[in-house]
Amino acid sequence: QLRRLLVRHHLLSSCRSQRASDVAHHKYDVIVVGGGHAGTEAAAAATRIGAETLLITQKIETIGALSCNPSLGGVGKGQLVKEVDALDGLMGRAGDYAGVHFSILNRSKGPAVWGPRAQLDRGRYREFVQSQLLNMPRLTVMEGSVDDLIVSAADPEKPGKHRVTGVRMADGAGEILASSVVITTGTFLSGSLFMGRTTSPGGRMGEPPSCAGLSHSLREVLGLKLGRLRTGTPPRLIKDTVDFSLAELHLPDLRPTPFSFINTHTHCKPEDQLPCHLTYTTPGVEKVVRESLHVNSHIQQDTKGPRYCPSIESRVVRFPGRQHQVWLEPEGLTSDLVYPQGLSMTMPPELQLRLLREIPALHRVEIRTPGYGVQYDFVCPMQLFPWLQVKCVQGLFLAGQINGTTGYEEAAAQGLWAGVNAGRTALSLPPLSLSRTESYIGVMIDDLVSRGVTEPYRMFTSRAEFRTSLRPDNADLRLTLRGFEELGCVSSQRYSEALRVRHGLSEALVALQSVTLSSPRWREKLRDAGISEVKSTLISGEEMLQHKEVSFEMLASIFPEIFAPYLEFSQRIKIEAVYRPHCENQKREMERIQEEESLTLPPDIDYLSLPVSLSDEVREVLDRARPDTLGAATRLPGVTPAAIVHLLNYVSKTE
Ligand code: FAD
């Protein structure tokens, strides 16, 4: 442990001593600005594909910092973590190292919408991410602040088209050149912090905002459209002053499930995991919120905040008279703090304390640091290509909160994709996109670049049309092979493991399809194992497995000679068998859409009242654009593949 700390200390000191003048003579392939969740994944991904990369961030010790909640994953977000991991990103492994309470959310629903989630130890998460980045070959990490971009005209004949050639450091510390630049400044771009009536410049408590030059350059020099969003964080509570006996105890899963496909177990032992507690707001909380609105500048602003993670003030104003959940979450194995999820607030600190003490479990609570809000600039993401490059600036990529998203997972997933493409551009390789049919990352990026954002964007499973195929369990099969063979961002060790898994799964499925469970001897064995009556006379092992009560382990105990070799994949085989018919249906639908590209859409079609399941947003887009063919409809921003299937079915029927 001591040796590890000394090595880390040495690495940190040598990174801090990197100066702009030391690296200025050197032209990098990629410069990443910002060491948050987007920046760390971008730097690591660019490095993995072979680009010489420089990560510049304001403070090295905040690399891997969790600005708000000490947790990772959940429904939709967990899928993103699995996909980042499948492409060899850091986030999943960091979660496995730092997790102190693992659970799968939505377990009562189908595995396609399960949400792997963990409470994290903040210190451990930072430690893991820093140790990975500071030891990566081809990656230099430098502490400093980027003040501006160096840009030139991409083509003197075409005004308005630029090319980025490097960055200019703050305080006249010099210029550094690169072929590609990825900006991941999170909540720091023209950031302002809010608490009560007080407003001060900042990107996060105790940290200055990005230098004004960067915002100015994006807006005025490059002509990009910027917007403003806000978010907030709760006060951190002193654990010893919380009365947990007055809250409901919530235990983690007995067997923690790792996020990473290459981990068989988590760092924290199952028995060492920490519990969470659940409590609720009271009418007293609502009273304090109402009485404090006039001294709460953040809540008075028109700027949009995160709808799905609102402050307690927004909840009270929007849903008066309701009781709201408050989760009391651990901040780490040895931390003396508690994070009250659901109580993000920006009123003056003395009123924060009064509000908290209105909750029975917090009647004598003390605050270590008060909650606060932040407002920041974001770049409207419709100005980006699907490979996250700014359309009007060659070599300039954006990822994370700067694109209008919220959340660590959303940031990391974009960072990874921007890093891959920034690296590819610098190495003169063509950029690549991910489709909505192959990943949640593809869904998110497509939503951002084709629809834009009006409020902080976060991932939900409902955003994906193909969620039965985009499951957390199969992210490796969807992405790891492509990640190695086409992108070059996946290690050969991970690739070999994914090939082994794919081989094992397909062999097991062939075995299941080839076995017919109809002979009286086998029926008897099935009955003995407690499996209810087989309905069909001829039923394959795969169809058998589609029965809710049948597990692969059961089949393997009856037919060990056939199935025992595949027992390590039991859960995955069961999920594959259940979902295969749905996925094949979806695939056929997609192929049908491709075949029917030239199908003419009736010119008088009334999209607004069409008797099919289309969202109001899709109806309006179709009504406005009135596409001639199905192919033209598929290319309209905001028209989802699911909507196209409904449209195709309707037009084919009425033809
Ligand atoms: P960040 O994690 O913000 O990282 C940006 C990095 O860039 C920082 O390290 C910064 O030092 C560096 N940087 C900035 N400018 C420069 C520069 N010019 N030069 C060099 N380095 C620079 N998310 C939720 O999902 N739910 C919430 O409730 C929530 N609440 C939040 C509350 C607060 C107060 C804050 C600050 C964040 C909150 N978040 C929340 C957001 C979450 O932290 C982000 O979504 C996530 O961290 C974004 O990752 P990122 O990499 O884009 O940016």
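Our subject is the structure listed above.
Quick look at the structure, then.

The rules behind the values
Residues numbered from 1 in each chain as written. Predicted model: local features only at pLDDT ≥ 70, side-chain atom pairs only at ≥ 80, totals over all residues. Helix = DSSP H or I, 4+ residues; strand = E, 2+ residues; numbered from the N terminus. Rg over C-alpha atoms; globule rule 2.2 N^0.38 Å. Buried ≥ 20, exposed ≤ 12 C-beta atoms within 10 Å, placed from the backbone. Contact = placed C-beta atoms within 7 Å. Near = placed C-beta within 6 Å. Nonpolar A, V, L, I, M, F, W, Y, C, P; charged D, E, K, R; others polar. Core = buried A, V, L, I, M, F, W, Y, C linked by C-beta atoms within 7 Å. Axes fitted to C-alpha atoms, helices over the stretch in contact; angles between N-to-C directions. Parallel < 35°, antiparallel > 145°, perpendicular 65-115°, else oblique. Left-handed = near helix turned anticlockwise from the far one by under 90°. Pairing = 2+ DSSP bridges. Expected span 1.5 Å × (residues − 1).

### So, the overall build of the protein chain
Secondary structure summary: the protein chain contains 23 helices and 21 strands in total. Relative to its length of 655 residues, the protein chain is compact, with a C-alpha radius of gyration of 26 Å against a globular reference of 26 Å. On the principal axes, the C-alpha backbone points of the protein chain span a range of 80 × 70 × 60 Å. Expressed as a percentage of the 655 residues in the protein chain, the buried residues total 48%. Pairs at least 24 residues apart make up 73% of the contacts formed inside the protein chain by residues separated by at least 6 positions.

### As for the site of the ligand
Close contacts around the ligand come from 40 residues, with Gly34, Gly36, Gly186, Gly400 and Ala411 the closest. Sorting the residues of the shell around the ligand by element identifies helix 3 (37-48), strand 2 (53-57), strand 12 (226-233) and helix 12 (408-426) as the ones contributing at least two each. Taken together, the residues that form the shell around the ligand break down as 13 nonpolar, 24 polar and 3 charged.

### Examining the nonpolar core
The biggest cluster of nonpolar side chains holds 109 residues, and the ones touching the most others in it are Val30, Ile31, Ala42, Val181, Val182 and Leu398. Other than its neighbours up to four places away in sequence, Ala42 contacts Val32, Val182, Thr184, Ala399, Gly415, Leu416, Ala418, Gly419 and Ala422.

### Considering the packing of helix 4 (residues 77-86) against helix 12
Where helix 4 contacts helix 12, the axes come no closer than 9 Å and their chain directions differ by 30°. Judged by the angle between their axes, helix 4 and helix 12 are roughly parallel. Judged by the sense of rotation from one axis to the other, the crossing of helix 4 with helix 12 is left-handed. For the pair formed by helix 4 and helix 12, the contact residues are Lys77, Leu80, Val81, Glu83 and Val84 on the first element and Glu409, Glu410, Ala412, Ala413 and Leu416 on the second.

### Describing the environment of Asp253
Within the element layout of this structure, Asp253 appears in the loop between strand 14 (248-250) and strand 15 (276-280). Looking at Asp253, the number of C-beta atoms within 10 Å reads 16, which means it is partly exposed. In sequence terms Asp253 and Gln273 are 20 residues apart; their C-alpha atoms lie 9.1 Å from each other. Not counting residues within four places of it along the chain, the set of residues in contact with Asp253 comprises Phe102, Ser103 and Ile104.

### Looking at the sheet that holds strand 3 (residues 71-73)
Picture the strands of a sheet paired through backbone hydrogen bonds; they go either parallel or antiparallel. Strands sit in the order 3-5-4 across an open sheet of 3 strands; the sheet is antiparallel. Lying at the two open borders of the sheet, with one neighbouring strand each, are strand 3 and strand 4 (99-105). Neighbour-to-neighbour, the strand axes of this sheet turn through a mean angle of 20°, independent of strand direction. Bridging between strand 3 and strand 5 (residues 115-120) involves 3 bridges; their strand directions are antiparallel. Residue Leu72 lies in a different strand from strand 5, and its bridge partner there is Ala118. Running over the sheet, helix 4 touches strand 3 and strand 5 and is turned about 85° from strand 5.

### Quick look at the sheet that holds strand 10 (residues 192-195)
Taking strand neighbours across the sheet as the criterion, the 4 strands line up as 11-10-19-12 in an open arrangement whose pairing is antiparallel. The open sheet is flanked by strand 11 (198-201) and strand 12, the only strands paired with a single partner. In this sheet, adjacent strand axes meet at a mean angle of 25° when their direction is disregarded.

### A short note on the environment of Ile562
By secondary structure assignment, the location of Ile562 is in helix 19 (residues 560-563). Judged by C-beta crowding, with 16 C-beta atoms within 10 Å, Ile562 ranks as partly exposed. In this structure the C-alpha to C-alpha distance between Ile562 and Ala511, which are 51 residues apart in sequence, comes to 7.1 Å. Excluding its chain neighbours within four sequence positions, the residues that come into contact with Ile562 are Ala511 and Val515.

### Topic: helix 14 (residues 475-487)
Along its 13 residues, helix 14 runs just 16 Å from first to last C-alpha, ending more than 12% under the 18 Å computed at 1.5 Å per residue. Where helix 14 is buried, its residues meet helix 4, helix 12 and helix 15 (492-514). Looking one or two residues past helix 14, Gly488 carries a phi angle of roughly 75°, positive in sign.

### A look at the pairing of strand 9 (residues 175-183)
Look at any regular strand and the pattern is simple: side chains alternate between the two faces of the sheet. Within strand 9, 7 of the 9 residues are buried, which leaves it mostly tucked inside the rest of the structure. As paired elements, strand 8 (residues 162-169) and strand 9 share 3 bridges and run antiparallel to each other. From the neighbouring strand, Val167 faces strand 9, where its bridge partner is Ile176. Between the end of strand 8 and the start of strand 9, which pair antiparallel, lie 5 residues, with Asp171 showing a positive phi angle near 55°. Relative to strand 21 (residues 396-398), strand 9 runs parallel, the two being bridged by 3 bridges. Paired with Val182 across the two strands is Phe397, which belongs to strand 21.

### Focus on the packing of helix 8 (residues 283-292) against helix 11 (residues 349-356)
Direction vectors running N to C along helix 8 and helix 11 enclose 160°, while the axes themselves pass 8 Å from each other. The orientation of helix 8 with respect to helix 11, classified from their angle, is roughly antiparallel. Seen along the crossing, helix 8 lies across helix 11 with a hand that is right-handed. On helix 11, the residues touching Val285, Val288, Val289 and Ser292 of helix 8 are Leu351, Arg354 and Leu355.

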